[in-house]
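Results of the structural survey
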Amino acid sequence: MKRNHAKAFATKAHQGQVRKNSSEPYITHPIRVGERLEKEGCSDDLISAGYLHDVVEDTNVSIKDIEQQFGKQVADLVASHTEDKSKSWWERKKATVDHLKDAPKEVKYLIIADKLDNLLELEKEHKVIGDDIWKNFNAGYSQQKWYNEEIAKQMYAHLSPQEIPPYFKEFEQAVKRFFK
């Protein structure tokens with residue numbers, strides 16, 4: 001299956017990288033995102049994109065490399081969730097929020113699976129490190145609060161109730177819980 005190749009590819013691409021606030025290997029994040037999408041019964045392409053969603057932003061892998069290895073559909077999904085690192089934090093996050101509102105449901109599924117995993121990890125890290133967690137980010141609490149609350153507002157746009165996976169509500173609850 002494509003997803004197994006994607007997981008192995010992402011593992012190799014992220015080799016040696018660690019999470020911002022821990023010594024945990026970075027690949028644990030894309031693996032959790034891919035596994036969440038798999039648990040929800042998403043397509044092989046979307047699950048593959050879950051594993052690969054950060055390789056273009058955080059490694060020397062290009063969208064063209066993704067397309068050659070995994071096909072146009074996976075490459076398009078990854079591209080739809082890849083930030084332009086030449087822009088400021090604010091510009092990147094505003095672009096994500098704006099994109100999310102009208103994005104196809106598969107893109108929304110990918111973005112929210114990613115954001116939920118990041119937020120759940122942030123919650124765990126905050127219990128251990130406290131407010132020092134913000135030292136390793138380009139934006140502090142208030143900016144992160146704005147961003148996550150805006151994501152939660154936009155994620156439901158243009159989705160019917162049957163198209164909304166349970167983890168969207170989980171994300172919404174995590175935002176309310178963490179950003180009191």
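Scroll up a little and you will see the structure.
Residues numbered from 1 in each chain as written. Predicted model: local features only at pLDDT ≥ 70, side-chain atom pairs only at ≥ 80, totals over all residues. Heavy atoms only, no water.

**So, the pattern of salt bridges**
- The final tally for this structure, using the stated rule, is 21 salt bridges.
- A salt bridge links Asp 45 to Lys 2, with the shortest nitrogen-to-oxygen separation between them at 2.7 Å. Here Asp 45, found in helix H3 (residues 44–52), pairs with Lys 2, found in helix H1 (residues 2–13); they are 43 residues apart in sequence, far enough to count as distant.
- Several salt bridges share partner residues, and in doing so they unite Glu 24, Arg 32, Asp 117, Glu 121 and Lys 124 into one network. (Salt bridge = Lys/Arg side-chain N within 4 Å of Asp/Glu carboxyl O. Helix = DSSP H or I, 4+ residues; strand = E, 2+ residues; numbered from the N terminus.)

**Comments concerning the packing of helix H5 (residues 63–70) against helix H6 (residues 72–80)**
- For the pair H5 and H6, the least separation of the axes is 7 Å and the interaxial angle reads 150°. In terms of orientation, H5 lies roughly antiparallel with respect to H6. In this structure, the crossing between H5 and H6 has a hand that is right-handed. For the pair H5 and H6, the contacting residues are Ile 63, Ile 66, Glu 67 and Phe 70 in the first and Lys 72, Val 74, Ala 75, Val 78 and Ala 79 in the second. (Axes fitted to C-alpha atoms, helices over the stretch in contact; angles between N-to-C directions. Parallel < 35°, antiparallel > 145°, perpendicular 65-115°, else oblique. Left-handed = near helix turned anticlockwise from the far one by under 90°. Contact = heavy atoms within 4.5 Å.)

**Brief notes about the packing of H1 against H3**
- Put simply, H1 and H3 touch, their axes get as near as 8 Å, and they point 5° apart. One element, H1, and the other, H3, form an angle in the roughly parallel class. In this structure, H1 uses Lys 2, Arg 3, Ala 6, Lys 7, Phe 9 and Ala 10 to contact H3, whose residues at the interface are Asp 44, Asp 45, Ile 47, Ser 48, Tyr 51 and Leu 52.
- A breakdown of the residues in the contact of H1 with H3 according to their chemical character gives six nonpolar, one polar and five charged. (Nonpolar A, V, L, I, M, F, W, Y, C, P; charged D, E, K, R; others polar.)

**Quick word on the packing of aromatic side chains**
- Scanning the entire structure with this criterion turns up 13 aromatic pairs.
- When the centroid spacing of 5.4 Å and the interplanar angle of 85° are considered together, the rings of Phe 9 and Phe 70 count as edge-to-face. Within this pair, whereas Phe 9 is found in helix H1, its partner Phe 70 is found in helix H5, the two being separated by 61 residues in sequence.
- Seen from their ring centres, Trp 90 and Trp 146 are 4.5 Å apart, and the 35° between their planes marks the pair as tilted. Taken as a pair, Trp 90 in helix H7 (residues 89–102) and Trp 146 in helix H9 (residues 141–154) lie far apart in primary sequence, 56 residues in all.
- Looking at Trp 90, the relative accessible area reads 46%, which means it is partly exposed.
- Members of the aromatic cluster, each reached through a chain of ring pairs, are Trp 134, Phe 137, Tyr 141, Phe 178 and Phe 179. (Phe/Tyr/Trp six-rings, centres within 6.5 Å; stacked < 30°, edge-to-face > 60°. Buried < 20%, exposed > 50% of the residue type's maximum accessible area, 1.4 Å probe, protein only.)

**Comments concerning the nonpolar core**
- Counting residues in each nonpolar core, the largest one holds 49 residues, and the members touching the most others are Leu 37, Leu 52, Ile 66, Ile 112, Leu 119, Tyr 167 and Phe 171.
- The element best represented in this core is helix H8 (residues 105–129), accounting for nine residues.
- Residues within four places of Tyr 167 in sequence aside, it is in contact with Arg 36, Leu 37, Glu 40, Tyr 109, Ile 112, Ala 113 and Leu 116. (Core = buried A, V, L, I, M, F, W, Y, C linked by side-chain atoms within 4.5 Å.)

**A few points about H9**
- An ideal rise of 1.5 Å per residue puts 20 Å on 14 residues; H9 measures up with 20 Å between its terminal C-alpha atoms.
- For H9, the complete set of buried residues consists of Gln 144, Tyr 147, Asn 148, Glu 150, Ile 151, Ala 152 and Gln 154.
- Buried residues in H9 make contact with H7, H8 and helix H10 (166–178). (Expected span 1.5 Å × (residues − 1).)

**A word on the environment of Val 175**
- Its location among the elements puts Val 175 in helix H10.
- Val 175 sits 50 residues away from Glu 125 along the chain, and the two C-alpha atoms are 15 Å apart.

**Looking at the side chain of Lys 115**
- Among the structural elements, Lys 115 can be located in helix H8.
- In this view, Lys 115 contacts His 81, Tyr 147, Ile 151 and Phe 171; residues no more than four positions away in its chain are not counted.

**Comments concerning the side chain of Gln 144**
- Locating Gln 144 in the fold gives a position in helix H9.
- We classify Gln 144 as buried; its relative accessible area is 10%.
- Ignoring anything within four residues of it in the chain, the contact list for Gln 144 reads Trp 89, Trp 134, Phe 137, Ala 139 and Phe 179.

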